[in-house]
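Descriptive analysis of the structure
One-letter residues, chain by chain:
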Amino acid sequence: MTLRSPLMTVMTGAAQKAARALKRDFGEVEQLQVSRKGPSDFVSAADLRAERTLRQELTKARPKFGFLLEEGGEIKGEDPRHRWIIDPIDGTTNFLHGIPHFAISIGLEMDGEIIAGLVFNPVTDEMFVAEKGKGAFLNDHRLRVSARTDLTDAVIATGIPHHGRGEHGPYLKVLGRVMAAVAGIRRMGTASLDLAYVAAGRCDGYWETGLQPWDMAAGLILVREAGGFVTEVDGGKTPLASGSVLATNAKLHKGLQGILNQD
Ligand code: IPD
Ligand code: CA
């Protein structure tokens, strides 16, 4: 078993605490599916509660760090160099529909660079963590991106723009090209876990645009520390700022990037 750093101990402790309530809430949501109004108010409350717990726990341990929270927005800290970037429930639609594929995502930024990340699915109990220069781990097992070299063998994850989000026509054109070139496409509905799955070699690549920093902050460092390659879809170097991400093993990056950018 790997010894956790003090920083990672703080992050995992906060995530475990928020996850306990979230798991109970998820159980309730499954029961609420049949009601006509659905469980959306309940889920918003669960989301806020998880965010509050994470903020409280992380503040206890690192009182001066700032925050960028999906629900609460930017909260400046006394220490201008460090900022937590948090999504309390990534994969809200899955959570709302009783689909057990969602995650708590915590990234830590220092001087504008992500130096640590955690993605935790409380239902499967899979805790993906990474720190700069220290590798990426799933429940203490070291992670490596896949070794596949041929796109025809590759499983590629993506995010499909939905109602009220993104440009559907252009996305369909890109999807058409990728689906013809690969072994399979997955739309699992949780960006942070898509990135974690690339880090774990379960998926060989992932692309999406229109993301927010909290969807990807933690996942970016997971992929990089697992030996993967992350850029924007057009090859740019600032996915966190643009919301556009292409993450693959190093071998597939050029080929997939070429297909994504053909027009
Ligand atoms: C969403 C998920 C999804 C991605 C969306 C995100 P949310 O986050 O990560 O996979 O396709 O773009 O907004 O809303 O569930 O926290
Ligand atoms: Ca999200």
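What counts and how
Residues numbered from 1 in each chain as written. Chains lettered and ligands numbered in written order. Predicted model: local features only at pLDDT ≥ 70, side-chain atom pairs only at ≥ 80, totals over all residues. Heavy atoms only, no water. Buried < 20%, exposed > 50% of the residue type's maximum accessible area, 1.4 Å probe, protein only. Helix = DSSP H or I, 4+ residues; strand = E, 2+ residues; numbered from the N terminus. Pairing = 2+ DSSP bridges. Donors = N, O, S within 2.8 Å, 3.2 Å for Na, K, Ca; no water. Polar contact = N/O pair within 3.5 Å; in protein donor to acceptor, adjacent residues only side chain to side chain. Contact = heavy atoms within 4.5 Å. Near = heavy atom within 4 Å. Areas by Shrake-Rupley, 256 points an atom, 1.4 Å probe, with all protein chains shown as cover. 1 Å grid on protein atoms, 1.4 Å probe; cavity = no way out; pocket = protein on both sides within 12 Å on 5 of 7 lines; lining within 4 Å. Sits in = over half its atoms within 2 Å of the grid points. Nonpolar A, V, L, I, M, F, W, Y, C, P; charged D, E, K, R; others polar. Domains from an automatic or database assignment. Axes fitted to C-alpha atoms, helices over the stretch in contact; angles between N-to-C directions. Parallel < 35°, antiparallel > 145°, perpendicular 65-115°, else oblique.

Let's shift gears to the pairing of strand 11 (residues 205-208). Residues Gly205 and Trp207 of strand 11 are buried on one face, and the alternating residues Tyr206 and Glu208, pointing to the opposite face, are buried as well. Alignment of strand 11 against strand 13 (residues 245-249), held across four bridges, turns out to be antiparallel. What sits directly across from tyrosine 206, in strand 13, is alanine 247.

Moving on to the coordination of the calcium ion (ligand 2). Any two of four tetrahedral donors ideally make an angle of 109.5 degrees at the metal, while pairs among six octahedral donors ideally make 90 or 180 degrees. Here the calcium ion (ligand 2) is held by the protein donor atoms Asp87 (OD), Asp90 (OD) and Asp215 (OD), which lie 2.1 to 2.3 Å from it. One chain supplies every donor to the calcium ion (ligand 2), and in sequence these donors are spaced D-x2-D-x124-D. Here aspartate 215 lies in helix 6 (residues 213-225) and aspartate 87 lies in strand 3 (residues 79-90), a separation of 128 residues in the sequence. Neither aspartate 87 nor aspartate 215 differs from the other in exposure class; each is buried.

Among the five residues in strand 13, five count as buried, and that is most of the element. By the bridge criterion, four bridges tie strand 12 (residues 228-231) to strand 13 in an arrangement that is antiparallel. Note that in strand 13 the partner of glycine 228 across the bridge is asparagine 249.

What follows covers the side chain of serine 5. Within the secondary structure, serine 5 is located in the segment before helix 1 (6-32). At 2.7 Å, the side chain of serine 5 forms a polar contact with the side chain of glutamate 131. Apart from residues no more than four positions distant in its own chain, serine 5 is found in contact with Glu131 and Lys134.

Turning our eyes to something else, we now look at the site of ligand 1. In the region of ligand 1, 14 residues are neighbours, and Asp90, Gly91, Thr92, Arg165 and Glu208 sit closest. Note that an oxygen atom of ligand 1 is positioned 2.8 Å from one of the backbone N or O atoms of glycine 91. Separating an oxygen atom of ligand 1 from a side-chain N or O atom of glutamate 208 is a distance of 2.5 Å. Its free accessible area being 380 Å², ligand 1 has 88% of it covered by the protein chains. The site holding ligand 1 turns out to be the largest pocket. Per-class residue counts for the shell around ligand 1 are three nonpolar, four polar and seven charged. Residue-level mapping places the shell around ligand 1 at the junction of two domains, with at least three residues from each of domain 1 (6-142) and domain 2 (151-260).

If you trace the backbone, glycine 227 turns up in the loop between helix 6 and strand 12. Residue class for glycine 227 comes out partly exposed when judged on its relative accessible area of 28%. Taking the C-alpha atoms as reference, glycine 227 lies 42 Å from leucine 32; in sequence the two are 195 residues apart. For glycine 227, the residues in contact, after removing those within four places along its chain, are Arg144 and Val145.

The packing of two helices is summarised by the inter-axis angle and the distance between the axes. With their axes 9 Å apart at the nearest point, helix 1 and helix 2 (residues 40-61) run at an angle of 170 degrees to one another. Between helix 1 and helix 2, the angle is such that the two are roughly antiparallel. Taken together, the residues of helix 2 that come into contact with helix 1 (itself represented by Val10, Met11, Ala14, Ala15, Lys17, Ala18, Leu22, Asp25, Glu28, Val29 and Leu32) are Phe42, Val43, Ala46, Arg49, Ala50, Thr53, Leu54, Glu57, Leu58 and Ala61. Per-class residue counts for the contact of helix 1 with helix 2 are 15 nonpolar, one polar and five charged.

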